[in-house]
Amino acid sequence: MKQDWYYSTWPTRFLFSCNVDFKNTGLPRPVNIQSAPSVNDHSAGKDGNARVSPFRFHPPTVVGPLGSATACSRLLSLDRSQCSNALAIAALLAGDPMANAATQSKPLHIGNAARFGLEAALLASRGLEASTLILDSTPGCAGFSAFYNDYLPRALPSPVKQDPRFLLEDQDIAFKRFPAHLGMHWVADAACSARELLVNTIGGFNPSMIQNILLRIPFSKYINRPFPESEHEARHSFQFNACTALLDGEVSVQSFSPAFLDRPELLSLLSRVRVEHPQDNPANFNKMYAEVLVTLTTGDVFKGRCDTFYGHWRKPLSRDSLLKKFRANAGVVLPGEKVEAIFDAVENIEDRQDCSHLTMHLE
């Protein structure tokens, strides 16, 4: 089954790292910084939803360097030829197997995307050239097919000849409320709705009263993990996030700690979960939904459904919610004064000549 995960929600993560890297290169202050996020999101988002969306590579490692290279090309004011070369150079630095998606190495995908994109743009700005066949309109994986006998290259339409409209003109940015695969937010919110209905009806919650739990979710093998064996697998498990939300009424940073992962009551709930994949529920961030049906030992059924979680681009986080999330997450690994110093540095990053004030608080 094709996994669209429309639109790719990772692109914006590359840009901040790009700006930090760029500002620490000692190069002149970049221009076009206001439009770079749109260019980056549009490029990586569109690439990520191309007909040949990669099934065996983690998408951020494929489209990430391309989106990053596009944004950095914008920051460097590269011309069309240089930008094309930057994208082709970024393509040779792209790709990592899906097996690493639910491991401790996954954050490197974002860091490498920013790094490789900036490197590609800088190399292109210095005259390095690469194949113009990396990206074109021919169905199939552009670049891989370049020397097959049946390959007929077709140039991409020039945006100069069209009226380009950036993705961020039509939708907001999705923000996760807790550190897990974005799809987990649908099932967590649906589970919280089912729990709230149950508590309001019978006056309390006890996991022993639950006979079984049914999840109606999209088909996606790498986030269908009935019994995750690590915190990283738990972040990619519909079952774990649904049961955690039912048990605690929320999913948070602490939910993935060893003390929470190994709770007997949580493991007991996981053993009662089964899943269904309705045909009308695609693995698509713009169309998917999650339903959680909790059946009690009495036979009563409580259902929660989520079509748009709080934090989705259709239902964006408020500024207060976003700051609360940042402070809660950063506070796990940094003292309070550093958390506030980082917040201040990011808020005022446009007024600084470099990012040393930020990076010193991250060390």
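Every chain begins its residue count from 1, and numbering advances along the sequence as written. Restriction of local features to residues with pLDDT of at least 70 applies here, the model being predicted, together with a cutoff of 80 or more for giving and counting side-chain atom pairs; totals for whole chains, interfaces and linings are based on all residues. Side-chain measures here rest on the full set of heavy atoms in the structure, leaving out hydrogens and waters.

S.K.: When you look at the overall build of the protein chain in this model, what are you seeing that I'm missing?
M.R.: On a plain count of helices and strands, the protein chain comes out with 13 helices and 4 strands. Residues counted as buried form 44% of the 363 residues belonging to the protein chain. Here the contacts in the protein chain between residues at least 6 apart in sequence split such that 72% fall between residues at least 24 apart. Here the accessible surface of atoms and residues is derived via Shrake-Rupley with a 1.4 Å probe, and residues count as covered only by protein chains that are part of the display. For the protein chain, the accessible area works out to roughly 18,100 Å², and carbon and sulfur atoms hold 54% of it. Starting at the N terminus, helices and strands are each numbered in turn, a helix being any DSSP run of H or I of at least four residues and a strand any DSSP run of E of at least two. Classification of residues uses two cut-offs on accessible area relative to the type maximum, computed with a 1.4 Å probe and protein chains only: under 20% is buried, over 50% is exposed, and between them is partly exposed. Whether two residues are in contact is decided by their heavy atoms, any of which lying within 4.5 Å being enough.

S.K.: So what exactly am I meant to see when it comes to the nonpolar core here?
M.R.: One broad rule of soluble globular proteins: the nonpolar side chains tend to lie buried together. Note on terminology: a nonpolar core comprises buried Ala, Val, Leu, Ile, Met, Phe, Trp, Tyr and Cys residues joined through side-chain atoms within 4.5 Å. Counting residues in hydrophobic clusters, the biggest one holds 46 residues, and the most contacted among them are Trp186, Val187, Ile213, Leu215, Val292 and Val294. Only helix 6 (184-202), strand 1 (210-216), helix 8 (238-248), helix 10 (264-270), strand 3 (290-296) and strand 4 (301-306) provide two or more residues apiece to this core. Here this core gets 8 residues from one element, more than from any other, and that element is helix 6. Excluding residues within four positions of it along the chain, Ile213 makes contact with Cys243, Leu246, Leu269, Arg272, Val273, Arg274, Val292 and Leu293. Ala86, Leu87, Ala120 and Ala124 belong to the second-largest nonpolar core, a separate cluster that totals 13 residues.

S.K.: Even after reading the chapter, I still don't get the packing of helix 6 against helix 8, so can you show me in this structure?
M.R.: The angle between the axes and the distance between the axes are what describe a pair of packed helices. Fitting a line to C-alpha atoms yields each axis, with helices limited to the stretch in contact; the angle taken between N-to-C directions then spans 0 to 180 degrees. Here helix 6 crosses helix 8 at 30°, and the two axes come no closer than 8 Å. Considered as vectors, helix 6 and helix 8 are oriented roughly parallel to each other. Crossing of helix 6 against helix 8: the hand is right-handed. Here Met184, Val187, Ala188, Ala191, Cys192 and Arg195 of helix 6 lie close against helix 8, whose contacting residues are Phe238, Asn241, Ala242, Ala245, Leu246, Leu247 and Asp248. In this count, Pro and Cys sit with the nonpolar residues alongside Ala, Val, Leu, Ile, Met, Phe, Trp and Tyr, while Asp, Glu, Lys and Arg are called charged and the others, Gly among them, polar. Classifying every residue of the contact of helix 6 with helix 8 gives 10 nonpolar, 1 polar and 2 charged. Each angle gets one of four labels, with under 35 degrees taken as roughly parallel, over 145 as roughly antiparallel, 65 to 115 as roughly perpendicular, and the rest as oblique. Two helices cross in a left-handed way if the nearer one is turned anticlockwise from the farther one by less than a right angle. They cross in a right-handed way if the turn is clockwise.

S.K.: Where do I start with the packing of aromatic side chains in this structure?
M.R.: Aromatic rings from Phe, Tyr and Trp, with only the six-membered ring used for Trp, were paired whenever their centres fell within 6.5 Å, and each pair was classed as stacked if the ring planes differed by under 30 degrees, edge-to-face if by over 60, and tilted otherwise. For the structure on display, the rule yields 3 aromatic pairs. Between Trp186 and Phe285, the ring centres sit 5.9 Å apart and the planes meet at 5°, which makes this aromatic pair stacked. With Trp186 in helix 6 and Phe285 in the loop between strand 2 (273-276) and strand 3, this residue pair connects regions lying 99 residues apart in the sequence. Its relative accessible area of 0% is what places Trp186 among the buried residues. Relative accessible area serves as the criterion here: at 3%, Phe285 is assigned to the buried category. With a centroid separation of 5.6 Å and an interplanar angle of 35°, the aromatic rings of Phe240 and Phe256 are classed as tilted. One end of the pair, Phe240, is in helix 8; the other, Phe256, is in the loop between helix 8 and helix 9 (258-261), and 16 residues separate them in sequence. Take Phe240 and Phe256: they sit in the same class, and that class is buried. Across from the ring centre of Phe256, 4.7 Å away, lies the NZ or CZ of Arg235, which sits over that ring. Charge-over-ring contacts are defined here by two conditions on Lys NZ or Arg CZ: a distance within 6 Å of the ring centre and an angle within 35 degrees of the ring normal.

S.K.: Would you take a moment to explain the side chain of Thr295 for this structure?
M.R.: With respect to the secondary-structure elements, Thr295 resides in strand 3. Note on Thr295: relative accessible area 18%, which makes it buried. Sequence-distant contacts of Thr295, defined by excluding residues within four places in its chain, comprise Ile210, Gln211, Asn212, Asp300 and Val301.

S.K.: Before we go on, may I ask you to explain helix 8 in this structure?
M.R.: An α-helical turn contains 3.6 residues, so a residue and the one three or four places further along point in the same direction. The element helix 8 is largely enclosed, with a buried count of 10 among its 11 residues. One or two positions beyond helix 8, positive phi appears at Gly249, with a value near 80°.

S.K.: What is the right way to read the sheet that holds strand 1 from this model?
M.R.: Adjacent strands of a sheet form backbone hydrogen bonds with each other and so pair up, either parallel or antiparallel. Strand order in this open sheet of 4 strands is 2-1-3-4, and the pairing throughout is mixed. Here the strands that pair on one side only, and so sit at the sheet edges, are strand 2 and strand 4. For this sheet, the mean angle separating the axes of adjacent strands, direction not counted, is 15°. Should DSSP find at least two bridges between two strands, the strands are taken to pair. Here strand 1 runs beside strand 2; their pairing, made up of 4 bridges, is parallel.

S.K.: What is the right way to look at the environment of Gln239 in this model?
M.R.: In this fold, Gln239 is placed in helix 8. According to the relative accessible area criterion, Gln239 is buried, its value standing at 4%. In this structure the C-alpha to C-alpha distance between Gln239 and Leu215, which are 24 residues apart in sequence, comes to 7.8 Å. When neighbours within four sequence positions are excluded, Gln239 is seen to be in contact with Leu215, Ile223, Asn224, Arg225, Pro226, Leu270, Val273 and Val275. Pairs of N or O atoms are called polar contacts if they sit within 3.5 Å, as long as, within protein, a hydrogen donor faces a hydrogen acceptor (for residues adjacent in sequence, only side-chain-to-side-chain pairs). Among the polar contacts listed, one links the side chain of Gln239 to the side chain of Asn224, at a separation of 2.6 Å.

S.K.: I keep staring at the pairing of strand 3 and nothing clicks. Help me out?
M.R.: On a regular strand, one side chain projects to one face of the sheet and the next to the other, so that they alternate. When you tally the buried positions in strand 3, you get 7 out of 7 residues, the bulk of the element. What you see with strand 3 is no split at all: Ala290, Val292, Val294 and Leu296 on one side and Glu291, Leu293 and Thr295 on the other are buried throughout. Bridge analysis of strand 1 against strand 3 gives 6 bridges, and the strand direction is antiparallel. Bridge pairing in strand 3 links Leu214 to Leu293. For strand 3 and strand 4, the ladder comprises 6 bridges, and the chain directions are antiparallel. Bridging from a neighbouring strand, Thr295 pairs with Val301 of strand 4.

From the geometry alone we can't say anything about function, so treat these as descriptive.
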